[in-house]
Amino acid sequence: MLTLAPGVLDGLKYDERGLVPVIAQEEDGTVLMLAWASREALDATVATGYAHYWSRSRRELWKKGATSGHLQEVVAVKVDCDADAVLYLVRQTGPACHTGSRSCFS
Ligand SMILES: N=c1c2ncn([C@@H]3O[C@H](COP(=O)(O)OP(=O)(O)OP(=O)(O)O)[C@@H](O)[C@H]3O)c2ncn1[C@@H]1O[C@H](COP(=O)(O)O)[C@@H](O)[C@H]1O
């Protein structure tokens, strides 16, 4: 069950492209990746419980793992102190990074 404080997404500050940066973090604290989300992607994440982003290169809603199977089950969505960045707390299936690494930072 995804944890989300009521109305928390409504006060988010999107950039000029309508995007916010999203950090995906494993429950054990490992930082997995940084990507971008539109309001549509955030709503899809909340509605489905799986991480969605906005792919800047493909210019489309991106369900992480849709082709690779490396899905991210989202257990919490958090917004930072000044409401311009988002944290997805996830349970990662397989490697998070398209390079095959567990994390895009390793
Ligand atoms: N799977 C990933 C993926 N996983 C983690 N990341 C990280 O997420 C960031 C996404 O940032 P961007 O929006 O700039 O990147 P993008 O436009 O989605 O894709 P790229 O141009 O970076 O390939 C990347 O810089 C990586 O650090 C990934 N970035 C891209 N992909 C691509 O997404 C596609 C679908 O993969 P799955 O979702 O795993 O099925 C594949 O073509 C992958 O190459």
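Quick look at the structure, then. Just so it is clear, the model here is predicted, and its values are computed rather than measured. In this convention, every chain numbers its residues from 1, walking through the sequence in written order. Since the coordinates come from a predicted model, pLDDT governs what is reported: local features require at least 70, and pairs of side-chain atoms require 80 or more to be given and counted, while whole-chain, interface and lining totals use all residues. Hydrogens and water molecules were not included; the side-chain quantities draw on all heavy atoms of the structure.

Re a nonpolar patch on the surface
Okay, step 1: A surface patch of nonpolar side chains, about 360 Å² in accessible area, is lined by Ile23, Val31, Leu34 and Phe105.
Okay, step 2: Here Phe105 is to be found in the segment after β6 (86–92).
Okay, step 3: Type-normalised accessible area, obtained with a 1.4 Å probe on protein chains alone, sets the label of each residue: buried when under 20%, exposed when over 50%, and partly exposed for intermediate values. Given the relative accessible area of 58%, Phe105 is considered exposed. Exposure above 30% relative accessible area and the lack of any salt bridge qualify a residue for a patch; like charges then connect within 9 Å, and the nonpolar side chains Val, Leu, Ile, Met, Phe, Trp and Tyr within 5 Å. Here the Shrake-Rupley method, with its probe set to 1.4 Å, supplies the accessible areas, and only the displayed protein chains count as covering residues. Salt bridge, as used here: a side-chain nitrogen of Lys or Arg that lies within 4 Å of a carboxyl oxygen of Asp or Glu. Strands here are runs of E lasting at least two residues and helices are runs of H or I lasting at least four, both read from the DSSP assignment and numbered beginning at the N terminus.

What about unusual backbone geometry?
Okay, step 1: Despite not being glycine, Arg59 shows a phi value in the positive range, around 55 degrees.
Okay, step 2: In this structure Arg59 comes out as exposed when scored by relative accessible area, which is 67%.
Okay, step 3: Phi angles above zero are rare outside glycine, and Ala83 is one such case at about 60 degrees.
Okay, step 4: Residue placement: Ala83 occurs in the loop between β5 (72–79) and β6.

Observations regarding the side chain of Gln92
Okay, step 1: Looking at the element boundaries, Gln92 is found in strand β6.
Okay, step 2: A distance of 3.2 Å separates a polar side-chain atom of Gln92 from the backbone oxygen of His70.
Okay, step 3: Note on definitions: a residue-residue contact is assigned when non-hydrogen atoms from the two residues lie within 4.5 Å. If we skip the residues at most four places from it in the chain, Gln92 touches Glu26, Leu32, His70, Leu71 and Gln72. Any pair of N or O atoms that falls within 3.5 Å is considered a polar contact. Within protein, one atom must be able to donate a hydrogen and the other to accept it, and sequence-neighbouring residues count only if both atoms are side-chain atoms.

All we've got here are geometric facts, nothing functional implied.
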